[in-house]
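In case you want the letters, here they are:
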Amino acid sequence: MVLHRISIQGYKNQKGGMNISKSEITKETSLKPSRRSLPCLAQSYAYSKSLSQSTSLFQSTESESQAPTSITLISTDKAEQVNTEENKNDSVLRCSFADLSDFCLALGKDKDYTDESEHATYDRSRLINDFVIKDKSEFKTKLSKNDMNYIASSGPLFKDGKKRIDYILVYRKTNIQYDKRNTFEKNLRAEGLMLEKEPAIASHDIMFIKIHIPWDTLCKYAERLNIRMPFRKKCYYTDGRSKSMGRMQTYFRRIKNWMAQNPMVLDKSAFPDLEESDCYTGPFSRARIHHFIINNKDTFFSNATRSRIVYHMLERTKYENGISKVGIRKLINNGSYIAAFPPHEGAYKSSQPIKTHGPQNNRHLLYERWARWGMWYKHQPLDLIRLYFGEKIGLYFAWLGWYTGMLIPAAIVGLCVFFYGLFTMNKSQVSQEICKATEVFMCPLCDKNCSLQRLNDSCIYAKVTYLFDNGGTVFFAIFMAIWATVFLEFWKRRRSILTYTWDLIEWEEEEETLRPQFEAKYYKMEIVNPITGKPEPHQPSSDKVTRLLVSVSGIFFMISLVITAVFGVVVYRLVVMEQFASFKWNFIKQYWQFATSAAAVCINFIIIMLLNLAYEKIAYLLTNLEYPRTESEWENSFALKMFLFQFVNLNSSIFYIAFFLGRFVGHPGKYNKLFDRWRLEECHPSGCLIDLCLQMGVIMFLKQIWNNFMELGYPLIQNWWSRHKIKRGIHDASIPQWENDWNLQPMNLHGLMDEYLEMVLQFGFTTIFVAAFPLAPLLALLNNIIEIRLDAYKFVTQWRRPLPARATDIGIWLGILEGIGILAVITNAFVIAITSDYIPRFVYEYKYGPCANHVEPSENCLKGYVNNSLSFFDLSELGMGKSGYCRYRDYRGPPWSSKPYEFTLQYWHILAARLAFIIVFEHLVFGIKSFIAYLIPDVPKGLHDRIRREKYLVQEMMYEAELEHLQQQRRKSGQPVHHEWP
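Definitions and limits used
- Per chain, residues are indexed from 1 in the order of the written sequence.
- Predicted model: local features are reported for residues with pLDDT of at least 70 only, side-chain atom pairs are reported and counted for 80 or more only, and whole-chain, interface and lining totals are derived from all residues.
- As a rule here, side-chain values come from all non-hydrogen atoms in the structure, and water together with hydrogens is ignored.
- UniProt positions are given in the numbering used here, feature names are shortened, and annotations may be inferred rather than shown by experiment.
- Only DSSP runs of H or I reaching four residues or more are called helices, and only runs of E reaching two or more are called strands; each is numbered from the N terminus.
- Only protein chains enter the accessibility calculation, which uses a 1.4 Å probe; a residue is then buried when its area is under 20% of its type maximum, exposed when over 50%, and partly exposed in between.
- By definition in these notes, contact holds between two residues if any of their heavy atoms fall within 4.5 Å.
- Method for areas: the Shrake-Rupley scheme with a 1.4 Å probe, in which residue coverage is limited to the protein chains shown.
- The working definition used for a salt bridge is a side-chain nitrogen of Lys or Arg within 4 Å of a carboxyl oxygen of Asp or Glu.
- We call a set of buried Ala, Val, Leu, Ile, Met, Phe, Trp, Tyr and Cys residues a nonpolar core when their side-chain atoms join them within 4.5 Å.
- Surface patches are defined over residues having more than 30% relative accessible area and no salt bridge, joining like charges when they lie within 9 Å and nonpolar side chains (Val, Leu, Ile, Met, Phe, Trp, Tyr) when within 5 Å.
- Pairing of aromatic rings covers Phe, Tyr and Trp, the last counted by its six-membered ring, and requires centre-to-centre distances within 6.5 Å; plane angles under 30 degrees mean stacked, over 60 mean edge-to-face, and any other angle means tilted.
- We count a charge as sitting over a ring when the NZ of a lysine or the CZ of an arginine lies within 6 Å of the ring centre and within 35 degrees of the ring normal.
- Two strands are counted as paired when DSSP detects at least two bridges linking them.
- In this analysis an axis means a line fitted to C-alpha atoms, helices contributing only their contacting stretch, and an angle means the value between N-to-C directions, from 0 to 180 degrees.

- Under an unreviewed UniProt entry, the protein chain has the name Anoctamin and belongs to Macaca mulatta.
- The record held by UniProt for the protein chain lists under Sequence similarities (unreviewed entry) the comment "Belongs to the anoctamin family."

Spelled out as structure tokens, the structure:
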């Protein structure tokens, strides 16, 4: 018996000598379940009755095959007899593979297929023989489960039309690495793979190698990789307490019925095989193959699983003598091959409508129900995505969809804050005072070409600033901090449900293999793995620390390079502001500060994109230098480096504007200068917040446009050019699927790293400086609605099919997102306290304003705030030949005071209030975040109980397996058989 959640090696140790011969299996009669396992195990009893008949599928034909296990042909009549017997016992208990979508979907199992030999041809009438059309109209709109499973098993074949193509290798005939390829291919055949060569039609220099993995080799490596397969029907336990929840169940039933009418919900008739699984799974074992639910060996392992096994073999096959001469990656790097990829299942478009003729394959179904732009408002078919692309890509789209959905409330609240500022803008006391200050002159903002400026010239800037700096700013900052916590905590719950549904619980710790590069580097140094008990390569601690130090040094060097680039942009701003102030065009001369900021933003964006190209290569070299142990460790290390580089690169200029611009300029008559030459830049008379909003808005908008173009526009152009060249070279020739795939663009070298990085950086923009730009969640929501369909269209139509990889979570990105959530609280506290005028207005209102000494204010408490926030300076001290006074933003004593130009008491009150606000804000928000995280468990209680229940049932199955083995031993020795322990 194969056991759920228990490794096959541990099970073998527990069973000892339990090795059942195939001849004994054919003689085995059905067993009565023990009293301990009733009533749950009784549900799977019907399957055991047909077990002896089904085992004829696995009779030994070792004379025909070198592998230890093979399958012979069983007649159609016998298959129908088996199916009839199952239906008579319990038709519900036939664990059809169409019912395994949520839990076993990636295994690609089909229902009621008659078993055929490896070289048998598909007879569609036999494959869907139990489908009964009740209504002709229903047939036009809804496919049968068997028809869908036939579609799932379709795909490109060998020339004989029988063997499925599981992987494609591509090389150039003119390449001189013939010996390496020849050795590599011979070793692949020795491992059990079947290869077939075929030249390309469009190019005479291209040769394709089609790879097929036979059943015996598939079983051998499935057992070696501990791939989990279904073996027993699930049952769920509900106690009497759940019956008392009738009202609650009725309420949820109403919600469920409403959801069925929700236009965003996918039509289930389009996905007839995406239903809940009810089968336990366990690590595959050839010795106990008769325990698994195998209706057809050609579809027992899904396309994704087959491709994953083939890639595992490609990565560990030698091409030359030497421990390091191994793997398809190195052969691609040295030019022996130019590509290796699993093929798509077929074309993504069809001349026949999908509503009347159904999908041609899963790729066609994904395009029609997911990747088309017309499906932008629909939920995503995550189970089908996982079936076709693997769990890793499925989790990415699940996370992206969850993030996009959670942005909806954040965007609504941010839009409300913005409209609140818009509707109350003309009522703002500060804006009114600035717009009416026609007789107030501001001191020159530069030394040479700047003149005195009336304060009312900043009227527009003051109103725009109020849109983002109003009474709702603090509330929105607290809301977004709580929102980030709720988003991450509920994502953890969602992830736990998906990992259970997709049978990924504890997969990473048990089944992840070592990277070939790590094995080749440290094969001489081995230690015993404490988990598996097997020797494996080991990296010494001294070597690991040394490599990490070199890597960290490289990271700090690149970060310092980013800071240097930002410093260069700051110098540019100081140099050109004098030029723009005396520009010939009146518009630029009048709004020279805006022109300076806009030009600096554009230049900064160009520098950001150029530096990103260098960061990727350096991060790749530093990660390879560390020699990570597994693929997940490599991806996490590379992702962390890329995030640090791009986060600093993208946000360094924003941090400068938020916390340094205009803070250390000095005062008129005694300005601080950079290199004693350039006067430091001041904020606009209405404040620095408008510069921060401009910087964030421009960078966020331009970066999203650039990313979308590089993700879709660039591959579209390349694919169009490839098709154009093919059409010029050939006429009226049918291009096979693998050649069409070859003409598509390969997936990014680093997989989903670029996709996650883009979204995580966007998450940082949405949360870190949201107090300065409340429209950021709305822009992120609009972008993500496009991003989901753009990524879907790209994966389905523009990219070669990526390797269907497995994963249990989103990797290191979850920790990065939590770190961003913490940083967002701190930065928003500083933005509100330092960058905005919220604290100065608050201090004036309750300490220095007209309401300071009144319990019930009778007038506007901010009246006179603008005049109070501006200090005086004597123009005669500038040497400009002018007399009188000009004003500047600061809290300093006037020229006629006893301590002219010294900080006033109000300045220190504001500074103390700012520090107090930062401390109170951080502690309050962190407390709320921690409390919410405590209230929301990572695993739902129902799921937790279900997992515990399954562990209990596994123990019962262990008892049943032991009893079955004992009965077989007694039968063999002629002793009486007991149905319970003797």
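Let us keep going from here.
Here's the deal with the overall build of the protein chain
1) Next: When helices and strands are counted, the protein chain shows 37 helices and 16 strands.
2) Next: Residue burial in the protein chain is summarised as follows: out of 982 residues, 54% are buried.
3) Next: Intrachain contacts of the protein chain at a sequence separation of at least 6 include 76% that bridge at least 24 residues.
4) Next: Total accessible area on the protein chain stands at roughly 45300 Å², and carbon and sulfur atoms take up 58% of it.

Thoughts on the pattern of salt bridges
1) Next: A full pass over the atoms with the stated rule returns 26 salt bridges.
2) Next: K392 is the partner of E635 in a salt bridge, and the nearest nitrogen-oxygen pair spans 2.4 Å. Here K392 lies in helix α19 (residues 391-423) and E635 lies in helix α28 (residues 631-659), a separation of 243 residues in the sequence.
3) Next: Its relative accessible area of 29% is what places E635 among the partly exposed residues.

A closer look at the nonpolar core
1) Next: W399 and W813 are the most contacted members of the largest nonpolar core, which has 140 residues in total.
2) Next: For this core, the leading source of residues is α19, giving 15 residues.
3) Next: Setting aside its immediate chain neighbours within four residues, W813 contacts A639, F643, M753, Y756, L757 and V760.
4) Next: Core analysis: the next-biggest nonpolar cluster, separate from the first, contains 38 residues, Y167, L195, I211 and F292 among them.

So, a nonpolar patch on the surface
1) Next: Where nonpolar side chains cluster on the molecular surface, the patch consists of F903, L905, W908, L911 and L915 and spans about 490 Å² of accessible area.
2) Next: For W908, the position within the fold is in helix α36 (residues 905-935).

What about unusual backbone geometry?
1) Next: One non-glycine residue with positive phi stands out, namely N226, at about 55°.
2) Next: With respect to the helices, strands and loops of the structure, N226 is situated in the loop between α11 (215-224) and β4 (228-233).
3) Next: Classification of N226 as buried rests on a relative accessible area of 17%.
4) Next: Look at Y627: it is not a glycine, yet its phi comes out positive at around 50°.

Things to note about the packing of aromatic side chains
1) Next: A complete count under the given rule lists 56 aromatic pairs for this structure.
2) Next: Arranged with centres 5.8 Å apart and planes meeting at 40°, the rings of F487 and F763 form a pair that is tilted. With F487 in helix α22 (residues 473-501) and F763 in helix α31 (residues 753-768), this residue pair connects regions lying 276 residues apart in the sequence.
3) Next: When the ring of F872 is compared with that of Y885, the centres are 6.2 Å apart and the planes differ by 90°; the resulting orientation is edge-to-face. Taken as a pair, F872 in strand β15 (residues 870-874) and Y885 in strand β16 (residues 885-889) lie far apart in primary sequence, 13 residues in all.
4) Next: Classification of Y885 as partly exposed rests on a relative accessible area of 45%.
5) Next: The ring of Y221 carries the charged tip of R224 above its face, separated from the ring centre by 4.5 Å.

What to know about the sheet that holds strand β3 (residues 206-212)
1) Next: Strands sit in the order β2-β3-β1-β6 across an open sheet of four strands; the sheet is antiparallel. Every other strand in the sheet has two partners, leaving β2 (194-199) and β6 (339-341) as the edge strands with one partner each. The average undirected angle you get between the axes of adjacent strands in this sheet is 20°.
2) Next: Two elements, strand β1 (residues 167-172) and β3, share six bridges in a ladder whose sense is antiparallel. Note on β3: the bridge partner recorded for I168 is K210.
3) Next: Strands in contact with helix α10 (residues 178-190) are β1, β2 and β3; relative to β1, the strand with the most contacts, it is inclined by about 165°.

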